[in-house]
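An overview of the molecular structure
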Amino acid sequence: MAANMRGLTQFIADIRGARVRELEEKRINKEMANIRKKFKDGNLDGYQKKKYVAKIIFTYILGYKVDIGHLEAVNLISSSKYSEKQIVCLSFTGDGNSLALVQGYLAVTLLMHENSDFLRLVVNSIRKDLDENNEVHNCLALHAIANVGSSEMAEALAEDVHRLLISPTSMTFVKKKAALTLLRLYRKRPEVIPAVEWALRLVSLMDDQDLGVVLCVTSLITALAQDHPDAFAVCYTKAVDRLHRIGIEHEYSGIYTYYKVPAPWLQVKLLRLLQYYPPTEDMTLKNVLNETLQTIMTSSAEPSRNVQHNNAQNAVLFEAISLAIHLDTRSPLVDTAAVLLARFISSKETNVRYLGLDTMAHLAARSETLDPLKKHQGTIILSLRDKDISVRRRALDLLYSMCDVDNSELIVGELLRYLKVADYVLREEMVLKIAILTEKYASSYKWYVDTILQLISAAGDHVGEEVWYRVVQIVTNTEDLQAYAARVVFEYLKTPSVHESLVKVGGYILGEYGHLIANEPGYSPIEQFQVLHSKSQFCVAPTRSILLSTYIKWVNVFPEIKPQLINIFERYRHVLDAELQQRACEYYALACLPDDNEMLQNVCEEMPPFPPRVSGLTSRLNRKMTDTEDKRTWIHGGREINLEQQQMTTLVRPKQAELPVNDSATASGTADSAVLNALAGLDLTVPSEAGESAPAPRLTVGPSIDKWYQKLTYSAEGVLYEDVQIQIGIKSRFQGYLGQLAIYFGNKVSAPLTSFTSTIYVSDSAALSATFAKIPANVLAPRTQSQQLLQVECKKVFTCPPILTVSFLAGAYQSISIRLPVIVTKFSEGVKFGQADFFERWKLIGGFPREAQVVFPISLDAAGHIDLPHNRRIVSGNHFEILDGIDPNPSNIVGAAVLHTSVEGKVGCLLRLEPNREAKLCRLTVRSTSEEVATAVQRLVETALRME
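Residues numbered from 1 in each chain as written. Predicted model: local features only at pLDDT ≥ 70, side-chain atom pairs only at ≥ 80, totals over all residues. Heavy atoms only, no water.

Attention now goes to the overall build of the chain. In terms of regular secondary structure, the chain is built from 39 helices and 18 strands. Counting over 948 residues, the chain shows a buried share of 52%. A separation threshold of at least 6 residues defines the contact pool for the chain, and within that pool the share at least 24 residues apart is 68%. Taken as a whole, the chain presents about 43400 Å² of accessible surface, with 51% of it coming from carbon and sulfur. (Helix = DSSP H or I, 4+ residues; strand = E, 2+ residues; numbered from the N terminus. Buried < 20%, exposed > 50% of the residue type's maximum accessible area, 1.4 Å probe, protein only. Contact = heavy atoms within 4.5 Å. Areas by Shrake-Rupley, 256 points an atom, 1.4 Å probe, with all protein chains shown as cover.)

Have a look at this one:
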C-alpha cells in the first residue's frame, strides 16, 4: 500500500531517517498538524483519506498517542469501495478516550476498546456489510465482530451473524467465519446467544458437504453443548456418522487430507465432542463407533518416518483412545490402547511421551483396576526427571491418578524426594497432590504425620494454608494421634532452620497437646517454650498471633513457666501491630488473674473436634486445573473423584458452578476420599440427585395428524404424516416383547432434502427402548423414498409412545415431531378361552384396583345401528383375541390377551366392551393381573373408539 502512496512512503522514510527521537517527534508533530488541518478543511477524496489515515496508522504503530481521524475512519468503513473499507480500523487506548487508526478492517476492530462509546458509530455500518450480498464485505464485518466481541456489538449483531451462517446462499468461507464469530461471541457473551433456540438448526450444518464448514460448526457446537447438552443431543449421532464416513467410507475431499491423514482436525473435534456426552445406549451407534475407533487404532499402530504424518496421526489416535476410555474402560479397545500407551511413554519423541502420559492419566482416572499401569510404574517415575517440563508435569499427574493403597508409600516417597529438586512452577501443585495422597491412602496415623510434616518442612513457601489447616483438623479429630504429633513436631522445631508453616503447625499442636508429652524427658514445659519462642523472631505478625494463643494455653496448663509467658505478653502490649497488641493486652489480663479463677480455665479449654467436613485440598487442586476454553472431560485423580465430578456436573446443568475452596479453617469442596473417614471420622457422603431428563419435543399440530396416528394404533401399516414436501409411512410387526417398524420417508418435491435427520425420543428408557438399525442417510433425493428400520423392545409397562423427530433443509429449515404408533398393546398376543375358563379368570382377577372401567358416549352408523365390525377391528387391532360365544349379547365384545415384557415377564389381560344402542353409551371394562396394564389398555382402547 505504501508503494502506491508516495506521500506515505516519504513520511515513513523521514521517520526512519531521524537520527534522534527529538527529530522524529518534530516530524510527526508537523505531519499530524497538517493532517488535522486537511481534515478540518474537508473536501478530501477517497485517496487522500486513505493516505492520511495510513499515516495516522503508522504513527500509532510507533507508539505515539493519536486523537484524530475517527470520523474519517467511520466514513471509510461506510464506503462501497473495498480499498477504502479495508484500510480503516478503529483502535482505542485503555482509557477509551483517544482514538487511533490501524490499517485494515480486521486490524481496526482487533484493537478496538470493547467498552468504548465509539462502537455505536460503526455498528450500523457493520450490519450493512453483513446484509450485503458481497462475501468480501461480509467477511470484513465478521472479522470486526469477532475481534471486538463487545457486549453491545454481540447484542446488536448476533442474529445477523447467525443468519449468515444458516443462509443457503452464503459462500463456504463466509459460513466458516460466521461459525467462528458466533463461537467468539458465545465465549465472551454467552447470555446474548439463544443457544437452545438455535440448536437444531446449527446441528444440521454438521451435514454440510464442505468439511471446513463442518470443522468450524463443530467447534461452535462443542462449546454450546457443554452448557446445553440436552438441546444439542442430536449432534452425537451426527458426529458418529461423520467419523464413520471419514474413517470407514473415506468420504472426504483430497484437499482435506493432511499427510495421508483424512481431516485430522475435524476428527479430533468430533472425538472430543462425543466425550461431553455419556456413553450411548443405542447399540447401532455403539457398534459403528467401536468400528471407527478400532480402525483408527489399527491404522495408527505403526509410526511412519514422516514427522508431520505422525503428528496428525497421533492427534487423532490419542483423542480416539480418550473416547474409548470414556465409553468403557473394560472394552477390548482400551486393552489395545493400554498396549499402545505403554510404548508411547518410552518414545524418543517428546510430544509422543507427553501425549502418552496424559492419556494414560485419563485411563488411570477412569479405570476400575490399575494393574496394567503399575507394570510401567518405573518408567513413569523416571519421567519425573525428563528434560522437558511439560513431560514432567504429565508424569506427576499420572502418578497422582494411579496411586492407590498398595503403591501409595512408594509414590509419595518418590514425590517427596523429587520435590527437593522440582521446578518452582511445579512445587505448589506437587505439595497439594502429596498432601491429598498422604491423607487418602494413609496406612497408619504415624505415617501420615511423619509424611505431612516432612512435606511442610521440605516445601517451604509452596505450602498453602489449606495443607496445614488440614493437618490441624485431622490431629484435633484423632485422639490417638495427638501425643505422637506433638512429639514429632517438637523434634522438627528443634532443627536450626524451620519454615514458618511448620511453626504455625507446631504452635497449634503444642498449645493444645503439649501437656501430653510434658512429663517425658526432653519435652518439659520450659524446653517446649524455649524451642517455640526462639522461632518467633523470624515470623510475621499472623504467625506470632498464633504463638500468643499458644502461650495463653500454656499459662493454664504449665504454671511453672507463667512468669516468662506474662513477660512476653507485657512486651507485646506495646507493639505497633494492632492485632498483636490487642491479643497481648487481652491475654495479659487473663494471665494476671488468680490461679483458681474459672475464666482462665474456661477460655483455655481444649479445642473440641472439628465438625464433619470434607477436604478443601482437592477442590483447590481441581480449580487450578480448569483454566481452559473447553471444560475438562475428566479430572486428575482416581475413579471415585471422577464419578463424583460427573454427578456434580449433572446437578449444575445448564451452567457448571465453581466448587467452593477452603480459604480458612472451614473447609468445603468435593468429597475426596475414604482416608478422611479413617483419620478424622468424617461423613463424606454426597447426596446424589438424578439429573433432569431431556424435555420432550413439541409435537407438530395438524388437522389429520391425530387421526393418522390413532388409525395406526390398531393397524399394521398406513400413513403417519404428510404435507406438500414429505410423506411418512409405517409398516410394523411385533413378536413377543420385540417389534420392528419400517418407516418410509418420501420426498415429494423436485429438490433434495439435505441435512436429513431423524431421531427418536423415549420418555422412559427403562420401560421402552427404540433404536434405528443403522445410522440414517442425511440426504433424501428428489421424488424418492428411503426406508429406516426401527427396533423396539418393551421392557415394562409404558404409557407414553416414542416421538419421531424429522428435520431437514428444503430452502428453509423444517422440523416435524410426531408420535409413533408404538403402544403397550402392540406387544400383546391374543389368547383363546372357553366360556367357563374366561369367567373363572375374570372372577379370579376381581374388581378394583385391578379393574379399569369407563362409560363413554358412542355414535351410531347411518342406519342407527352399532358399528360392530369397527369395534371388533379396534379390539383385534390392539392384539386381543375376540372370544365369540362368551357373552350372550351379540353386540358385546369379549377379548383376552397376554402382554409380553422383557423385564416383568407376561401379564394377562381380559376385556369386555358393552355398547348400548338406546342410550348411545358404551361401557369398557378391562381386568388385568397388573393395575398399570389394566389402566393403560382401558385408556388406549377408549381413545381409539372415541376418535372414530
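Moving on: the environment of Thr169. You can see Thr169 is positioned in the loop between helix H9 (151–166) and helix H10 (172–188). Residue classification places Thr169 among the exposed residues on the basis of a relative accessible area of 67%. Put simply, Thr169 and Gly811 are 642 residues apart on the chain and 9.7 Å apart in space, counted from C-alpha to C-alpha. Polar contacts involving the side chain of Thr169 include one to the side chain of Ser167, which spans 2.9 Å. (Polar contact = N/O pair within 3.5 Å; in protein donor to acceptor, adjacent residues only side chain to side chain.)

With that out of the way, let us pick up the packing of aromatic side chains. Evaluation of the coordinates by the stated rule reveals 16 aromatic pairs. Here the aromatic rings of Trp554 and Phe558 are separated by 6.0 Å at their centres, their planes lie at 40°, and the arrangement is tilted. Here Trp554 and Phe558 have matching classes, each one buried. Relative to Phe808, the ring of Phe756 lies with its centre 6.1 Å away and its plane at 15°, an arrangement referred to as stacked. Here Phe756, found in strand S8 (residues 754–761), pairs with Phe808, found in strand S11 (residues 803–810); they are 52 residues apart in sequence, far enough to count as distant. For Phe756, a relative accessible area of 4% translates into the label buried. Grouping aromatic residues by their ring pairs yields a cluster made of Phe529, Tyr551, Trp554 and Phe558. (Phe/Tyr/Trp six-rings, centres within 6.5 Å; stacked < 30°, edge-to-face > 60°.)

Between the first and last C-alpha of helix H18 (residues 350–366) there are 25 Å, a value that for 17 residues agrees with the 24 Å anticipated at 1.5 Å per step. Where burial is concerned, most of H18 is hidden: twelve out of the 17 residues are buried. Among the residues making up H18, those that are buried are Val352, Arg353, Gly356, Leu357, Thr359, Met360, Ala361, His362, Leu363, Ala364, Ala365 and Arg366. (Expected span 1.5 Å × (residues − 1).)

Grouped together as the largest cluster of nonpolar side chains are 184 residues, with contacts concentrated most on Phe232 and Tyr551. Beyond its immediate stretch of four places on either side in the chain, Phe232 contacts Ala195, Ala199, Leu202, Val203, Ile221, Leu224, Ala225 and Tyr277. Core analysis: the second largest hydrophobic core is formed by 58 residues, Ile705, Ile728, Val797 and Val806 among them. (Core = buried A, V, L, I, M, F, W, Y, C linked by side-chain atoms within 4.5 Å.)

With that settled, the discussion passes to the pairing of strand S17 (residues 905–916). Relative to S17, strand S16 (residues 893–901) is paired through nine bridges, and the arrangement is antiparallel. Paired with Ile893 across the two strands is Leu913, which belongs to S17. Between S16 and S17, which pair antiparallel and follow one another directly, the connecting turn spans three residues. Sheet topology note: the S17/strand S18 (residues 921–928) ladder contains eight bridges and is antiparallel. When the sheet's bridge partners are listed, Leu910 is paired in S18 with Arg927. (Pairing = 2+ DSSP bridges.)

Here we come to the sheet that holds strand S5 (residues 717–722). Across a sheet, strands are paired by hydrogen bonds formed along the backbone, either parallel or antiparallel in direction. In spatial order, the strands read S5-S6-S7-S10-S9; together these five strands make up an open sheet with antiparallel pairing. The outermost strands of the open sheet, each flanked by one partner alone, are S5 and strand S9 (768–772). The sheet shows a mean angle of 25° between the axes of neighbouring strands, taken without regard to direction. Across nine bridges, the pairing between strand S7 (residues 738–747) and strand S10 (residues 785–794) is antiparallel. Residue pairing for S10: Gly739 is matched across the bridge by Val792. Sitting on the sheet, helix H36 (residues 705–713) is in contact with S5 and strand S6 (726–735), with an inclination near 160° to S5. (Axes fitted to C-alpha atoms, helices over the stretch in contact; angles between N-to-C directions.)

On to the pattern of salt bridges, then. Taken as a whole, this structure holds 37 salt bridges when the rule is applied. In this structure, the salt-bridge partner of Glu25 is Arg21, at a minimum N-O distance of 3.1 Å. On the criterion of helical spacing, the pair formed by Glu25 and Arg21 is a turn pair, its members being four residues apart in helix H2 (residues 21–41). Given the relative accessible area of 48%, Arg21 is considered partly exposed. Salt bridges sharing common partners tie together Asp358, Arg393, Arg394, Asp397, Glu429 and Lys433. (Salt bridge = Lys/Arg side-chain N within 4 Å of Asp/Glu carboxyl O.)

Following Phe848, the chain continues to Pro849 via a peptide bond in cis, the omega torsion being 10°. For Arg783, which is not glycine, the phi dihedral falls at a positive 50°. Assignment of secondary structure puts Arg783 in the loop between S9 and S10.

Read from one edge to the other, the open sheet built from three strands follows the order S8-S11-S12, with strand pairing classed as antiparallel. The open sheet has two edge strands with one neighbour each: S8 and strand S12 (812–819). In this sheet, adjacent strand axes meet at a mean angle of 15° when their direction is disregarded. Judged from the six bridges that link them, S8 and S11 form a sheet pairing that is antiparallel.

One way to put it is that helix H16 (residues 307–327) packs onto H18 with a least axis distance of 9 Å and a crossing angle of 5°. When the interaxial angle is binned, H16 and H18 end up roughly parallel. Mapping the contact onto sequence places Asn314, Phe318, Ile321, Ser322, Ile325 and His326 in H16 and Val352, Leu355, Gly356, Thr359, His362, Leu363 and Arg366 in H18. Its residues placed into classes, the contact of H16 with H18 shows six nonpolar, six polar and one charged. (Parallel < 35°, antiparallel > 145°, perpendicular 65-115°, else oblique. Nonpolar A, V, L, I, M, F, W, Y, C, P; charged D, E, K, R; others polar.)

For the rest of this paragraph, the subject is helix H17 (residues 332–344). When the terminal C-alpha atoms of H17 are compared, their 19 Å separation across 13 residues agrees well with the 18 Å that a helix rising 1.5 Å per residue should span. Of all the positions in H17, only Leu333, Val334, Ala337, Leu340, Leu341, Ala342 and Phe344 are classed as buried. Where H17 is buried, its residues touch helix H15 (283–299), H16 and H18.

To continue, consider the environment of Thr478. Checked against the element boundaries, Thr478 lands in the loop between helix H25 (465–477) and helix H26 (479–493). For Thr478, a relative accessible area of 5% translates into the label buried.

Before going further, it helps to spend a moment on the side chain of Asn407. By the secondary structure assignment, Asn407 is in the loop between helix H21 (389–402) and helix H22 (408–419). Residue Asn407 is classed as buried on the basis of its relative accessible area of 5%. For Asn407, the side chain forms a polar contact with the side chain of Gln377, separated by 3.0 Å.

Relative to the assigned elements, Thr476 resides in helix H25. Taking the C-alpha atoms as reference points, Thr476 and Pro608, 132 residues apart in sequence, are found 7.6 Å from one another. Not counting residues within four places of it along the chain, the set of residues in contact with Thr476 comprises Gln482, Tyr508, Tyr513, Met607, Pro608, Pro609 and Phe610.

With respect to the helices, strands and loops of the structure, Arg912 is situated in strand S17. Within polar-contact distance, the side chain of Arg912 engages the side chain of Asp887 at 2.9 Å. Each residue touching Arg912, except ones within four places of it in the same chain, is listed here: Phe838, Phe839, Trp842, Asp887, Ile893, Val894, Arg923, Leu924 and Thr925.

In this model, the chain carries a mean pLDDT of 82, and residues with pLDDT of at least 70 account for 86%. No element of the chain has a lower mean pLDDT than strand S2 (residues 99–101), at 32, and none a higher one than helix H14 (residues 264–274), at 95. The model gives residues 82–104 a pLDDT under 50, and that stretch makes 103 contacts with residues more than four places away or in other chains. Overall, residues 651–692 carries pLDDT values under 50, and its contacts beyond four positions in sequence, including any with other chains, amount to 102 contacts. (pLDDT = per-residue confidence, 0-100.)

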